[in-house]
Amino acid sequence: MDTTLIYSSPITIKLRPLLATSIRYSSSTVSMSKSPETGDDRRRKVVVCGGGVIGVCTAYFLAKSGAAVTVVEQSSVACAASGKAGGFLALDWCDGGPVSSLARASFNLHRSLSDELDGHSSYGYRPLTTLSVSIDESEIGPSGRVKNLPSWVNGPAQKSNSIGTVQTTAQVHPQLFTRCLMTTAVEKYGAEVVIGRLERVGFENERVDSVVLDGGRVINADSVVLALGPWSSKLALLSSLFRVYGLKAHSIVLQPKEPDAISPHALFLTYHPAQGGKPMDPEVYPRPTGEVYVCGMSSTEEVPDDPDQVTPNPESIRMLKQVAGNVSTHLKEGEAQVKAEQACFLPSTDDGIPVIGELRGMKGCFVATGHSCWGILNGPATGASLAELVMDGRARLVDLSPFSPSRFIAI
Ligand SMILES: Cc1cc2nc3c(=O)[nH]c(=O)nc-3n(C[C@H](O)[C@H](O)[C@H](O)COP(=O)(O)OP(=O)(O)OC[C@H]3O[C@@H](n4cnc5c(N)ncnc54)[C@H](O)[C@@H]3O)c2cc1C
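Every chain begins its residue count from 1, and numbering advances along the sequence as written. Per-residue local features are limited, in this predicted model, to residues with pLDDT of at least 70; the limit for side-chain atom pairs, both in listing and counting, is 80 or more; totals at the level of whole chains, interfaces and linings are taken over all residues. Excluding hydrogens and water, the side-chain values take into account all heavy atoms of the structure.

A. Here's a closer look at the overall build of the protein chain. Per the convention used, a helix needs a DSSP run of H or I reaching at least four residues, while a strand needs a run of E reaching at least two, with both numbered from the N terminus. Helices and strands together make up the secondary structure of the protein chain, namely seven helices and 20 strands. Partly exposed describes any residue whose relative accessible area lies between the buried limit of under 20% and the exposed limit of over 50%, with all areas from a 1.4 Å probe on protein chains only and scaled to the type maximum. Taken over 411 residues, the protein chain has a buried fraction of 60%. Note on areas: Shrake-Rupley, 1.4 Å probe, and residue coverage restricted to the protein chains presented here. For the protein chain, the accessible surface area stands at approximately 16400 Å², while carbon and sulfur atoms represent 49% of it.

B. Spatial organisation of the packing of helix 1 (residues 53–64) against helix 4 (residues 174–189). Angles here are taken between N-to-C directions and fall from 0 to 180 degrees, while the axes themselves are lines fitted to C-alpha atoms, restricted in helices to the stretch in contact. Where helix 1 meets helix 4, the closest approach of the two axes is 9 Å, and the angle between their N-to-C directions is 25°. Taken together, the axes of helix 1 and helix 4 are roughly parallel relative to one another. Viewed along their axes, helix 1 and helix 4 form a crossing whose handedness is left-handed. Judged by residue contacts, V53, V56, C57, Y60, A63 and K64 of helix 1 engage F177, T178, L181, M182, T184, A185 and Y189 from helix 4. When residue character is reported, Ala, Val, Leu, Ile, Met, Phe, Trp, Tyr, Cys and Pro are called nonpolar, Asp, Glu, Lys and Arg charged, and the others, Gly included, polar. Across the contact of helix 1 with helix 4, the residue classes break down as 10 nonpolar, two polar and one charged. What sets the label is the angle itself: under 35 degrees gives roughly parallel, over 145 gives roughly antiparallel, 65 to 115 gives roughly perpendicular, and the rest give oblique. Here a crossing is taken to be left-handed if its near helix is turned anticlockwise relative to the far helix by less than a right angle, and right-handed if that turn runs clockwise. For this analysis, residues touch if any pair of their heavy atoms sits within 4.5 Å.

C. The arrangement of the pattern of salt bridges in detail. By convention in these notes, a salt bridge is any Lys or Arg side-chain nitrogen within 4 Å of a carboxyl oxygen on Asp or Glu. Per the stated rule, a full pass over the model turns up 13 salt bridges. As a salt-bridge pair, K234 and E302 come within 3.4 Å of each other at their nearest N and O atoms. Taken together, the positions of K234 in the loop between strand 13 (223–226) and helix 5 (236–239) and E302 in the loop between strand 17 (292–300) and helix 6 (314–327) put the pair 68 residues apart, joining distant regions of the chain. According to the relative accessible area criterion, E302 is exposed, its value standing at 66%.

D. Quick peek at helix 6. For helix 6, with 14 residues, the first-to-last C-alpha span of 20 Å sits near the 20 Å given by 1.5 Å per residue. Listed in full, the buried residues belonging to helix 6 are S316, I317, M319, L320, V323, A324, G325, N326 and V327. On its buried side, helix 6 packs onto strand 6 (129–136), strand 14 (244–256), strand 15 (265–272), strand 16 (283–286), strand 17 and strand 18 (336–349). Polar contact is defined as a pair of N or O atoms within 3.5 Å, subject to the rule that within protein one atom must be able to donate a hydrogen and the other to accept it, and that residues adjacent in sequence are counted only when both atoms are side-chain atoms. Sitting at the amino-terminal end of helix 6 is N313, which places a side-chain oxygen 2.9 Å from the backbone nitrogen of E315. One less than the number of residues in a helix, times 1.5 Å, gives the span that helix is expected to have.

E. Seen up close, the packing of aromatic side chains. Each pair of aromatic rings taken from Phe, Tyr and Trp, with Trp reduced to its six-membered ring, is defined by centres within 6.5 Å and is described as stacked if the planes are under 30 degrees apart, edge-to-face if over 60, and tilted in the remaining cases. Going through the model one piece at a time under the given rule, you end up with 12 aromatic pairs. Between F88 and W93 the ring centres are 5.2 Å apart and the planes differ by 55°, which places this aromatic pair in the tilted class. You can call F88 buried: its relative accessible area is 3%. Ring-pair connections join several aromatic residues into one group, and the members of that group are F88, W93, F268, Y285, Y293 and W374.

F. Representation of the site of the ligand within the structure. Only a single heavy atom is needed: when it lies within 4 Å of a molecule or strand, its residue is near that molecule or strand. Taken together, the neighbourhood of the ligand is formed by 40 residues, with E73, S82, F88, S372 and L377 sitting nearest. One nitrogen or oxygen atom from the main chain of L198 is found 2.9 Å from a nitrogen atom belonging to the ligand. Within the backbone of I376, an N or O atom sits 3.1 Å from an oxygen atom of the ligand. Summarising the interface, the protein chains cover 99% of the accessible area of the ligand, which totals 1000 Å² for the free molecule. Only helix 1, strand 3 (68–73), helix 2 (81–84), strand 18 and helix 7 (375–392) provide two or more residues apiece to the shell around the ligand. Across the shell around the ligand, the residue classes tally to 25 nonpolar, 12 polar and three charged.

G. Seen up close, the nonpolar core. To form a nonpolar core, buried Ala, Val, Leu, Ile, Met, Phe, Trp, Tyr and Cys residues must be joined to one another through side-chain atoms within 4.5 Å. Within the largest apolar cluster, 76 residues are counted, with the highest numbers of intra-cluster contacts made by L62, V69, Y123 and M182. With sequence-adjacent residues up to four places away left out, V69 is seen in contact with V46, V48, A59, L62, A63, A191 and E192. Among the nonpolar cores identified, the runner-up in size contains 30 residues, and L198, V201, F345 and L359 belong to it.

H. How the structure looks around the pairing of strand 10 (residues 198–204). With six bridges joining them, strand 10 and strand 11 (residues 207–213) adopt antiparallel strand pairing. Paired with G202 across the strands is S210, a residue of strand 11. Think of it this way: DSSP has to see at least two bridges between two strands before they count as a pair.

I. Spotlight on the sheet that holds strand 12 (residues 218–220). Read from one edge to the other, the open sheet built from three strands follows the order 10-11-12, with strand pairing classed as antiparallel. Two strands close off the open sheet at either side, each with one partner strand: strand 10 and strand 12. Neighbour-to-neighbour, the strand axes of this sheet turn through a mean angle of 30°, independent of strand direction.

J. Local environment of the sheet that holds strand 18. Taken together, the seven strands give an open sheet; going across it, the order is 7-6-15-16-17-14-18, and neighbouring strands pair in mixed fashion. The open sheet has two edge strands, strand 7 (157–164) and strand 18, and neither has a second partner. On average, each strand axis in the sheet is tilted by 25° relative to the strand beside it, whichever way the strands run. As paired strands, strand 16 and strand 17 are joined by four bridges and run antiparallel to one another. Looking across to strand 17, one finds that E283 is bridged to C295.

K. Spotlight on the environment of R407. Within the secondary structure, R407 is located in the segment after helix 7. On a C-alpha basis, the gap between R407 and V355 in space is 9.1 Å, while along the polypeptide they are 52 residues apart. Of the polar contacts made by the side chain of R407, one reaches the backbone oxygen of I353; its length is 2.8 Å.

L. Looking closely at the side chain of R287. Assignment of secondary structure puts R287 in the loop between strand 16 and strand 17. Charged residues are defined here as Lys and Arg on the positive side and Asp and Glu on the negative side; His and the ends of the chain fall outside this count. Although R287 lies buried, it forms no salt bridge, and the closest oppositely charged side chain, E291, sits 4.2 Å away as judged by the N-O distance. Here the side chain of R287 touches A85 through a polar contact of 2.9 Å, landing on its backbone oxygen. A distance of 3.3 Å separates the side chain of R287 from the backbone oxygen of G86, its partner in a polar contact.

M. Summary view of helix 1. Counted at 1.5 Å a residue, the expected span for helix 1 with its 12 residues is 16 Å, and the 16 Å between its end C-alpha atoms agrees. Across the 12 residues of helix 1, 11 count as buried, placing the element largely inside the fold. Those residues of helix 1 not exposed but buried are V53, I54, G55, V56, C57, T58, A59, Y60, F61, L62 and A63. G66, located one to two residues past helix 1, shows a positive phi value of around 105°.

Laid out in structure tokens, this is it:
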């Protein structure tokens, strides 16, 4: 099993290994037909397909800028990777690569969004310190001798370095973040959520005019945004242009008995299992909720049609629990309750770069996918820039040209 997720850019960048307060919009539609702020019902109609962080961020900024937005989601908002991710954010870890300006703009947008929204909704935004930690199972004894380590990291750690400060690294709870943005878009800016599966996009004279859902329901649209994450290639319209594949990664959520003992330090591990097992790169994120999230153990697998059918591999979960117990006695079985054992798919492209922009020859039809291991970080700037492109014909916040879907089309 491949346990390392490589951000495959030709340029060297810091590698990111890996790998409800529930608003379930279970009725077919949650809607408001007019902008609550303007009362204008002749707004541009935009249908955003996919209720993950990318679709929801795009919907949020579109609705805020005056569009009449409908989000079409086949299961529930943030049901997939956007609800099961770590939520780690870094200002400069994508520097030197094509995603650098997107990541920097997004890191800053996360901060301003938290000022705007997190106060009353509490999705757990906080800056934190980030450490790289090397652990070898075959070394016995506590790690008291290792400098920099917080006291709760008391397993057999050999080495630790600071790789992020409260100025450069932060976190959100990704499911709460995504659902908070969706709720705000509905309640404040009049967006609606439709639970249904997108079957196809309708065109007239090479211009988008509708989406068709399973069961035949048609929703008219001036513009359509396809933010289907790792399901993008299941839509023939997109798979005919480029490939998006899913990299499956696992995670557990632990509730330690003594949450106050755990300080806000994100840990990027180099983990050597006993008996010469292959080294792994799990990640550990304590959350302001008192939970501790641990992820890693990735492999390429076919993405099931239904997100609710994504199930974790028991051996991967067992390994993550073992890792947690060797990081800290507070995370050992018996000392921490296991609140979730889960898996989800990273949306990955062949060149490792997201695909964001209008599809050539399909006026009004936009795509945003392929964010790999940085979708929670890059959601806000993707959404804000794409909203500008849809509404004004030009993205100002970030130059989206490196992400154009046209790069896959042979000239
Ligand atoms: C274990 C793990 C940890 C991660 N940790 C981090 C992290 O710390 N920081 C970070 O920045 N990123 C992280 N990521 C990456 C991040 O989670 C993803 O990049 C991001 O969630 C992708 O968002 P998305 O909206 O593109 O896709 P998704 O979240 O997969 O959402 C796509 C949505 O589209 C819907 N959909 C698909 N097809 C249809 C259809 N036909 N009709 C209607 N709806 C449809 C799906 O149901 C789904 O809700 C992590 C990922 C994993 C797997």
